[in-house]
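# Observations on the three-dimensional arrangement
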Amino acid sequence: MQHSVDIWLPASKEQLTRLVPGEAVRLFGTIYTMRDVGHQRCLAALNEEGKLPFGLAGQALFYAGPTPPKAGRPFGAIGPTTSARMDAATPALLEAGITLTLGKGKRSDEVIKACAATGAVYLIAVGGAAAYLGGFVEKSELVAWEDLGPEALYRLTLSGLPAFVGIDSRGEIIEP
């Protein structure tokens, strides 16, 4: 079994530059959830205010929509959604200060280039394991966009959520 690297979020640029494609990681600390409509709203705020809203600069985004709380946990399940759906917004968000994204699937050439240009990384979580991944969420707070239901902006506290490096800070990608 491959040894995993513990990453404390928000991660420093120094920590991110040490990651290599395919490397297993465990995520601890703060990450925010954001999906399709949230990206649209975040871009609108960025364009209007000239900066990311809600203190998102320097933070990590998890492309996920959690299910309601269950069994004493903050969520019943939380799994990655297809990252390519966020590709149109991702370069602008990375340029504005997002340092790490987490989802599933391949990313566009524009996102790969934006990772290299900004030093951001893209991590891949295993799809179909939302109930399992929900066990790594210690705390959840609604931050904004309550009207979006499970796709609202949440701040999560993670405790060892497993993932893999899909794109490193130099724009190198995991090879299939």
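Up top is the structure.
Residues numbered from 1 in each chain as written. Predicted model: local features only at pLDDT ≥ 70, side-chain atom pairs only at ≥ 80, totals over all residues. Heavy atoms only, no water.

What follows is about the layout of surface pockets. Over the atoms rolls a probe the size of a water molecule, and its path tells where empty space is left. Roughly 250 Å³ of internal volume is contained in the largest pocket. If you list the elements that add at least two residues to the lining of the largest pocket, you get α4 (109-118), β5 (121-124) and β7 (153-167). Of the residues assigned to the lining of the largest pocket, the class counts are seven nonpolar, two polar and four charged. (1 Å grid on protein atoms, 1.4 Å probe; cavity = no way out; pocket = protein on both sides within 12 Å on 5 of 7 lines; lining within 4 Å. Points joined across faces, edges and corners; volume = space filled by probe spheres on them. Helix = DSSP H or I, 4+ residues; strand = E, 2+ residues; numbered from the N terminus. Nonpolar A, V, L, I, M, F, W, Y, C, P; charged D, E, K, R; others polar.)

One pass over the full model with this rule turns up zero disulfides. Looking at the unpaired Cys42, the closest cysteine sulfur is the one in Cys115, lying at 16 Å. (Disulfide = S-S within 2.5 Å.)

Moving on: α4. All of the buried residues in α4 are Val111, Ile112, Ala114 and Cys115. Around the axis of α4, the buried residues are gathered within 160 degrees of arc, so they sit on the same side. Residues of α4 that are exposed and point more than 90 degrees away from the buried face comprise Asp109, Glu110, Lys113 and Ala117. Buried positions along α4 lie against α3 (90-96), β5 and β7. Following α4 by one or two positions, Gly119 adopts a phi angle in the positive range, close to 80 degrees. (Buried < 20%, exposed > 50% of the residue type's maximum accessible area, 1.4 Å probe, protein only. Arc of directions from axis to C-beta. Contact = heavy atoms within 4.5 Å.)

To continue, consider the packing of aromatic side chains. Centre distance and the angle of the planes are the two values used to describe a pair of aromatic rings. For the structure shown, the criterion picks out three aromatic pairs. Seen in terms of ring centroids, Trp8 and Phe28 are 4.6 Å apart; in terms of plane orientation they differ by 25 degrees. Their pairing is stacked. In this pair, Trp8 sits in strand β1 (residues 5-9) while Phe28 sits in strand β2 (residues 24-33), placing the two residues 20 residues apart along the sequence. Trp8 gets classed as exposed once you look at its relative accessible area, which sits at 52%. Seen in terms of ring centroids, Phe54 and Trp145 are 5.5 Å apart; in terms of plane orientation they differ by 85 degrees. Their pairing is edge-to-face. Of the two residues, Phe54 sits in the loop between α2 (36-49) and β3 (60-62) while Trp145 sits in the loop between β6 (137-144) and β7, which places them 91 residues apart along the sequence. (Phe/Tyr/Trp six-rings, centres within 6.5 Å; stacked < 30°, edge-to-face > 60°.)

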